[in-house]
Amino acid sequence: MSEHQILDFIGGRQETMTDLLRELVVRESGTYDKGDVDALGGFLRERLDALGFETSVLPQVKLGDHIVGRRHGSSGRQILLVGHFDTVFSHGTLAERPWRVENGIAYGPGVYDMKGGISILLTALEALKAADSSLWTDCGTTVFFNSDEEILSPTSSAPIDAIARDAQTVCILEPARPGGEYTFERKGAGKFFMRITGRAAHAGGQPERGRSAALELAYKAIALHALNDPATGTTVNVGVMKAGERSNIICPEAYAEIDLRARHPEEMESAIEAMRQIANHATVPDTTTEFWGDPYFPPLPAKPVNERLFGLMREVTTTVGFEGRYIVSGGGSDGNHTGQIAPTIDGMGIRGDGAHTEHEFAVLESLPERAKALALFLHAWPGRIDGIIGG
């Protein structure tokens, strides 16, 4: 089957892809709702079985099970396709915000992040099977559907990385950036915490005896936000602040959660050290601060091999009929980890916006558009990857 036939195969399937997307969305899969997640995982396993993959389940105790599909090849080339099927929305969200379509835009929990990407991936694989593509017949292909990406992939990152070590390329089906861009450069992300201890006192009767943890946290929050650096792209956000129980008590304890993003490892380390210094310096006398946390997604900096890999994507998007563009992403994904191991391209899913919000939406016309691009990329990949890796 030629490229033209692949395009025709997918071009007539927007309605089918929309139906599949609807089926994925109406099957709720909030990360902590194991029963829901496992039910959707079973559905995805059936789809991979029907495509001829050898499937297996990586069972989890508290979180949903991961689904792995493998096809073996004789060429020695291996590719890994990763998509998560958990969402940030707990059971019952669908009743509040049911699936709906208005003017070609689909709404519903997880429609953009990232069930649209799963619909795109499964359709692209169907096209490659129908085409008897060399990727299908000669190359090892692994699909990893993980159930915990929305909480930083605590149980899936290790097995994903293990598979990536044998792969020459990893494709991440996270949604396209809001402007439709792909990405192969992501900021690293970390979550950090401060707990400040002061001294309680009556706010009216004996305020001089108190040491306000709330005031100390306010000083620290201002100092933390001063670490934001547009020139380097480093961002620091104090997203959670908790302090006090009554207005007539000098606050004895305060707590904060801090989000850190940075493009390069050295910038992340520098920011962490600056946060540590802020924690160690007390503006309010006799207050103490405990500081802890870690980067959970390492920075994925720009790499020549990923730029060359994206060059192939840009070629196929031109064939499909749209401009393939990329952008540095501030959000973390499984690509932050796999990109340390193997050439990685990310943001291969659906166009839309509003991830993690009640305004989340997906553009339905992008389903066949992005599936065509993915299928052509995978179709061309076996003949191009050696040159891409070799530079």
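Here is what the cut-offs are and how they apply
Residues numbered from 1 in each chain as written. Predicted model: local features only at pLDDT ≥ 70, side-chain atom pairs only at ≥ 80, totals over all residues. Heavy atoms only, no water. Pairing = 2+ DSSP bridges. Helix = DSSP H or I, 4+ residues; strand = E, 2+ residues; numbered from the N terminus. Axes fitted to C-alpha atoms, helices over the stretch in contact; angles between N-to-C directions. Contact = heavy atoms within 4.5 Å. Phe/Tyr/Trp six-rings, centres within 6.5 Å; stacked < 30°, edge-to-face > 60°. Buried < 20%, exposed > 50% of the residue type's maximum accessible area, 1.4 Å probe, protein only. Lys NZ or Arg CZ within 6 Å of the ring centre and 35° of its normal.

Asker: Sorry, what's going on with the sheet that holds strand β9 (residues 235-243) here?
Answerer: Overall, antiparallel pairing links the four strands, which are arranged β9-β10-β8-β11 in an open sheet. Of all the strands in the sheet, the pair left with one neighbour each is β9 and β11 (288-297). With direction set aside, neighbouring strand axes in the sheet form an average angle of 15°. Looking at chain direction, strand β8 (residues 188-197) and strand β10 (residues 253-262) are connected through 10 bridges and run antiparallel. Bridged to Arg 195 within β10 is Tyr 255. Strands β8, β9, β10 and β11 of the sheet are contacted by helix α8 (residues 213-225), whose axis makes an angle of about 170° with β9.

Asker: Explain the packing of aromatic side chains to me, please; I cannot follow it from the model alone.
Answerer: Ring pairs (aromatic) are described by centroid distance and by the angle formed between their planes. Counted according to the given criterion, the structure contains 10 aromatic pairs. A ring pair is formed by Phe 53 and Trp 136, whose centres lie 5.6 Å apart and whose planes are at 90°; its orientation type is edge-to-face. Of this pair, Phe 53 sits in the loop between α3 (34-50) and β1 (54-58) while Trp 136 sits in helix α6 (residues 134-138), and the two are 83 residues apart along the sequence. Neither residue differs from the other here; Phe 53 and Trp 136 are each classed as buried. By way of ring pairs, the aromatic residues Tyr 182, Phe 184, Phe 310 and Tyr 326 are connected into one cluster. Over the face of the ring belonging to Tyr 107 we find Arg 100, whose NZ or CZ atom lies 4.1 Å from the ring centre. Note that Arg 370 overlies the ring of Tyr 182, its terminal NZ or CZ placed 4.1 Å from the centroid.

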